[in-house]
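# Structural overview for review
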Amino acid sequence: MTDSARGEMVGAARDHGEAYLARSNLRGEQQHWPLPAEGGAVTIGRAPTAEVCLSEDSQVSRVHAILERVGGLWTILDDGLSRNGTYLNGRRLAHRARLSDRDKIRMGESVLTFCAPPQTMMEMTQQTVARATHPAVTRVTESQRSVLIALCRPLQAAQPYASPASNQQIANELSLSVDAVKTHLRMLFHKFGIEDLPQNQKRARLAQIAEESGLVIDTER
């Protein structure tokens, strides 16, 4: 990555052909780092030589973490490089993790957002899902599976900009109370190990895992 590409300041969002990292600095300016289309390792740290340089954050190590494109997928790895750890969506990294669009990466006082345009996300959906991508779930109850099917139903209609069903929509489909739906979802968030994700990401991630795991094949419709 060239020096001119590092920490580029922009007044408004740009259309990127490839994935990039973004953040707002202390002055409220939007800053972004395009990630190379050819892949390779991209270092994040306080050192001036880091491709993603966070020199003003004293809690960031000189070499804090590494982004690497593996098989068309962007991943992040700390592997003991940093003193204070790297957090992905609020959870401390213990091993290499795959990145998804709008994931939040925190190191020190800096928060970076991983952004992947549709072209990059399409590559991700075409990849074989590794078992380590999400926690293995040995069993869900029939009631929980019904909630998952209802949650994912708008996504399976293949409409543009579709989002998972709301609590009220699930309740209406299954003849449940909204409180009962919330209880089922809390248990599913815990069972799949995503309860620590930001609230606005939990439902989409749960739907993604359910579809990838084959849990939402509705044999009754």
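Before any of the text, the structure's been laid out above.
Notes on the structure in this doc start here. (Residues numbered from 1 in each chain as written. Predicted model: local features only at pLDDT ≥ 70, side-chain atom pairs only at ≥ 80, totals over all residues. Heavy atoms only, no water.)

## With respect to unusual backbone geometry
Positive phi values are uncommon outside glycine, yet Asp 79 reaches one of about 55°. Note that Asp 79 resides in the loop between strand S7 (73-77) and strand S8 (87-88). Asp 79 sits in the exposed class, given a relative accessible area of 64%. Of note, Ser 175 is a non-glycine position whose phi angle comes to about 55°, a positive value. With respect to the helices, strands and loops of the structure, Ser 175 is situated in the loop between helix H3 (167-174) and helix H4 (178-191). Overall, Ser 175 belongs to the exposed group, its relative accessible area being 68%. (Helix = DSSP H or I, 4+ residues; strand = E, 2+ residues; numbered from the N terminus. Buried < 20%, exposed > 50% of the residue type's maximum accessible area, 1.4 Å probe, protein only.)

## Structural notes on the pattern of salt bridges
Counting across every chain of the model gives five salt bridges. Residue Glu 56 is joined to Arg 23 by a salt bridge in which the shortest nitrogen-to-oxygen separation is 2.5 Å. Highlighted residues: Glu 56 in the loop between strand S5 (52-53) and strand S6 (65-70) and Arg 23 in strand S2 (residues 20-24), separated in sequence by 33 residues. Linking Asp 196 and Arg 91 is a salt bridge whose minimum nitrogen-to-oxygen distance equals 3.6 Å. (Salt bridge = Lys/Arg side-chain N within 4 Å of Asp/Glu carboxyl O.)

## With respect to H3
Inspection of H3 places Asn 167, Ile 170 and Ala 171 among the buried residues, and these make up the whole buried set. In a view along the axis of H3, the buried residues occupy a sector of 100°, so they form one face of it. Looking at the buried side of H3, the elements it contacts are helix H2 (142-156), H4 and helix H5 (199-212). Of the residues flanking the end of H3, it is Ser 175, one or two places downstream, whose phi is positive at about 55°. (Arc of directions from axis to C-beta. Contact = heavy atoms within 4.5 Å.)

## A look at the nonpolar core
If you look at the biggest cluster of nonpolar residues, it comprises 23 residues, and the most contacted ones within it are Leu 148, Ile 170, Leu 188, Phe 192, Ile 194 and Leu 206. Within the residue set of this core, elements represented by two or more residues are H2, H3, H4 and H5. A per-element tally of this core places H2 first, with six residues. Contacts of Ile 170, omitting those with residues within four sequence positions, involve Val 147, Ala 150, Leu 151, Ala 165, Val 181 and Arg 203. (Core = buried A, V, L, I, M, F, W, Y, C linked by side-chain atoms within 4.5 Å.)

## Some words on the pairing of strand S4 (residues 40-45)
Along any regular strand, the residues point their side chains to alternate faces of the sheet. Judged from the five bridges that link them, S4 and S6 form a sheet pairing that is antiparallel. By the bridge assignment for S6, Ala 41 is matched with Glu 68. Inspection of the sheet shows S4 paired to S5 by two bridges, in the parallel sense. Each residue of the ladder has a partner; that of Gly 45, found in S5, is Cys 53. (Pairing = 2+ DSSP bridges.)

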